[in-house]
Amino acid sequence: MDASRKMDSAAGQTLLLTRADVAELFTLEEYTDAVEAAFKAYAEGQALAPGLLHVDATGGEFHIKAGGLAVGGHTYFGLKANGSFFGNPAHGLPAIRGIVYVADGTTGAPLAVMDSIHLTIQRTGA
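Scope of this entry: the structure provided in the associated data block. (Residues numbered from 1 in each chain as written. Predicted model: local features only at pLDDT ≥ 70, side-chain atom pairs only at ≥ 80, totals over all residues. Heavy atoms only, no water.)

Quick notes on the pairing of strand S4 (residues 74-84)
No. 1: As judged from the 11 bridges shared by strand S3 (residues 60-71) and S4, these two strands associate in the antiparallel manner. If you follow His-63 over to S4, its bridge partner there is Asn-82.
No. 2: Between the antiparallel neighbours S3 and S4 lie 2 residues, among them Gly-72 with a positive phi of about 60 degrees.
No. 3: In terms of strand pairing, S4 meets strand S5 (residues 96-104) through 9 bridges, oriented antiparallel. Paired with Leu-79 across the two strands is Tyr-101, which belongs to S5. (Pairing = 2+ DSSP bridges. Helix = DSSP H or I, 4+ residues; strand = E, 2+ residues; numbered from the N terminus.)

Rendered as structure tokens:
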């Protein structure tokens, strides 16, 4: 990961992560553990109410999924916004592209913006 993009969110800056950066972060086992912990937190009432939005667009659509967790004395908010444009591969472009946004659920401070594709693949696998 390019160290120049690592920024201290406590100082009011946001961490920016490419798909390659995200791919370096966790193993499939760590994704599985995180998914299990999130479901457990949800079952224990430690989750923010989830939200889902679908927006049709010319040649495709956008899906926005949002929610959060209140764990370890802290609250986190996250959303994933993916565009699905299934005609793109005919033009040499990916069919699905998007981002994940993570924020401090207490102050609203943006903590990270990252490419969503690798994270989505691993989470689905987990």
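Details of the nonpolar core
No. 1: Counting residues in each nonpolar core, the largest one holds 6 residues, listed as Leu-17, Val-22, Tyr-31, Val-100, Ala-112 and Met-114.
No. 2: If near-sequence neighbours (up to four positions away) are discounted, Met-114 is found in contact with Leu-17, Val-22, Gly-98, Ile-99, Val-100, Val-102 and Leu-119. (Core = buried A, V, L, I, M, F, W, Y, C linked by side-chain atoms within 4.5 Å. Buried < 20%, exposed > 50% of the residue type's maximum accessible area, 1.4 Å probe, protein only. Contact = heavy atoms within 4.5 Å.)

A look at the layout of surface pockets
No. 1: For the largest pocket, the calculated volume is near 1,400 Å³.
No. 2: Contributing to the lining of the largest pocket are 32 residues, with Ala-38, Leu-69, Gly-78, Leu-119 and Arg-123 lying nearest its centre.
No. 3: Examining the composition of the lining of the largest pocket, we find that 7 residues originate from one element, helix H2 (residues 28-43), more than from any other.
No. 4: The residue inventory of the lining of the largest pocket, partitioned by class, reads 25 nonpolar, 3 polar and 4 charged. (1 Å grid on protein atoms, 1.4 Å probe; cavity = no way out; pocket = protein on both sides within 12 Å on 5 of 7 lines; lining within 4 Å. Points joined across faces, edges and corners; volume = space filled by probe spheres on them. Nonpolar A, V, L, I, M, F, W, Y, C, P; charged D, E, K, R; others polar.)

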